[in-house]
Amino acid sequence: MAKSIETLTESYFYIMLCLYEKPMHGYGIMQETERLSGGRVKIGSGTMYGATGSMIKKGWITEVVSDEPGFERRRLYELTDEGRRVLREEAVRLRELVKNADDILGAY
């Protein structure tokens, strides 16, 4: 039997995707998510901070201190090794979903 993984909501997926290459602050993540999704996905501040709190508890992201002068109190989030693993597993799962849909629906 295949190992069951925790699926990510679209908001979680985009937040983690934004953090894959570098730490970011919440507002930057919200802007980058909107850019990456072509404006289709908009993460509000309530969703953002609820999601980051939950992901911190799961060990997927961590909060780091900004070293930018004047912004030392700004919250930055960074993807952990566990978060990277979860994100990669989710990308594999999503590719499988699309492949299965293409097999049945055909490429259009």
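Above this text is the structure in question.
The structure contained in this document is the topic of the report that follows. (Residues numbered from 1 in each chain as written. Predicted model: local features only at pLDDT ≥ 70, side-chain atom pairs only at ≥ 80, totals over all residues. Heavy atoms only, no water.)

## Remarks on the nonpolar core
By size, the foremost hydrophobic cluster in this structure holds 22 residues, and its most contacted members are Leu-8, Ile-15, Met-16, Leu-19, Ile-29 and Met-55. Counting only elements with at least two residues in this core, the list comes to helix H1 (10-18), helix H2 (26-36), helix H3 (45-58), strand S3 (75-79) and helix H4 (81-105). Considering every element that reaches this core, the biggest residue donor is H1, with six residues. In contact with Ile-29, not counting residues within four places along its chain, are Ile-15, Cys-18, Leu-19, Met-24, Met-48 and Tyr-77. (Core = buried A, V, L, I, M, F, W, Y, C linked by side-chain atoms within 4.5 Å. Buried < 20%, exposed > 50% of the residue type's maximum accessible area, 1.4 Å probe, protein only. Helix = DSSP H or I, 4+ residues; strand = E, 2+ residues; numbered from the N terminus. Contact = heavy atoms within 4.5 Å.)

## A closer look at the packing of aromatic side chains
Per the stated rule, a full pass over the model turns up two aromatic pairs. Between Phe-13 and Tyr-14 the ring centres are 6.0 Å apart and the planes differ by 85 degrees, which places this aromatic pair in the edge-to-face class. For the pair formed by Phe-13 and Tyr-14, the shared burial category is buried. Seen from the ring of Tyr-20, Arg-84 lies directly overhead, with NZ or CZ sitting 4.7 Å from the centre. (Phe/Tyr/Trp six-rings, centres within 6.5 Å; stacked < 30°, edge-to-face > 60°. Lys NZ or Arg CZ within 6 Å of the ring centre and 35° of its normal.)

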